[in-house]
Amino acid sequence: MKNDMSLRITMDILLAVSVIFGWWYISIPFGLICLWMFPYYGEFIVFGFLYDEIFTMGRGLGLWSFAGLLVTTAATIAFSIFKLVVRW
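Residues numbered from 1 in each chain as written. Predicted model: local features only at pLDDT ≥ 70, side-chain atom pairs only at ≥ 80, totals over all residues. Heavy atoms only, no water.

Concerning the overall build of the chain
Here's step 1: Secondary structure assignment for the chain yields 4 helices and 0 strands.
Here's step 2: N-terminal to C-terminal, the α/β element order of the chain is α-α-α-α.
Here's step 3: Expressed as lengths along the three principal axes of its C-alpha atoms, the size of the chain is roughly 45 × 30 × 15 Å.
Here's step 4: In the chain, 61% of the contacts between residues at least 6 apart in sequence involve partners at least 24 apart.
Here's step 5: Accessible surface computed for the chain: about 6100 Å², of which carbon and sulfur atoms make up 77%.
Here's step 6: Of the side chains in the chain, 5 bear a positive and 5 a negative charge, and the two mean positions are spaced by 9 Å. (Helix = DSSP H or I, 4+ residues; strand = E, 2+ residues; numbered from the N terminus. Contact = heavy atoms within 4.5 Å. Areas by Shrake-Rupley, 256 points an atom, 1.4 Å probe, with all protein chains shown as cover. Lys, Arg positive; Asp, Glu negative; His and termini not counted. Charge placed at Lys NZ, Arg CZ, Asp CG, Glu CD.)

Here it is in structure tokens:
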């Protein structure tokens, strides 16, 4: 239990640093790994929202201004369904 919590905190720190610097090519694979490893990993959606708030390209873009939130929410829902089907 203690080791699992320290791994989750370490992955959260790695995700936070990669979101702050805008490295989505690192954030998305780490987030997908965390979605697979941990139950109820809602931090991935929060990091998608934070990315949108930090790197807003413009409010006139419509849904594109919420791309990080949409991608992370879709990935979380897809992995939740996939984990139910596979019963890992």
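After presenting the structure, the write-up continues.
Topic: helix α3 (residues 43-54)
Here's step 1: For α3, built from 12 residues, the straight-helix expectation of 16 Å at 1.5 Å per residue is met to within 8% by its first-to-last C-alpha distance of 16 Å.
Here's step 2: Among the residues making up α3, those that are buried are Phe44, Phe47, Gly48 and Asp52. The arc enclosing the buried residues of α3, seen along the axis, measures out at 140°, which places them on a common side. (Expected span 1.5 Å × (residues − 1). Buried < 20%, exposed > 50% of the residue type's maximum accessible area, 1.4 Å probe, protein only. Arc of directions from axis to C-beta.)

Quick notes on the packing of helix α2 (residues 24-37) against α3
Here's step 1: One way to put it is that α2 packs onto α3 with a least axis distance of 10 Å and a crossing angle of 160°. One way to sum up the angle between α2 and α3 is to call them roughly antiparallel. The two elements α2 and α3 cross, and the hand of that crossing is left-handed. For the pair α2 and α3, contact is made by Trp24, Ser27, Ile28, Gly31, Leu32 and Leu35 and by Phe44, Phe47, Gly48 and Tyr51, respectively.
Here's step 2: Across the contact of α2 with α3, the residue classes break down as 7 nonpolar, 3 polar and no charged. (Axes fitted to C-alpha atoms, helices over the stretch in contact; angles between N-to-C directions. Parallel < 35°, antiparallel > 145°, perpendicular 65-115°, else oblique. Left-handed = near helix turned anticlockwise from the far one by under 90°. Nonpolar A, V, L, I, M, F, W, Y, C, P; charged D, E, K, R; others polar.)

Looking at the layout of surface pockets
Here's step 1: Put simply, the largest pocket is a space of about 210 Å³.
Here's step 2: Around the largest pocket sit Leu35, Phe38, Pro39, Tyr40, Tyr41, Gly42, Ile45, Thr76, Phe79, Ser80, Lys83 and Leu84, which together line it.
Here's step 3: Across the lining of the largest pocket, the residue classes tally to 8 nonpolar, 3 polar and 1 charged. (1 Å grid on protein atoms, 1.4 Å probe; cavity = no way out; pocket = protein on both sides within 12 Å on 5 of 7 lines; lining within 4 Å. Points joined across faces, edges and corners; volume = space filled by probe spheres on them.)

Coordinates in, geometry out; function isn't part of it.
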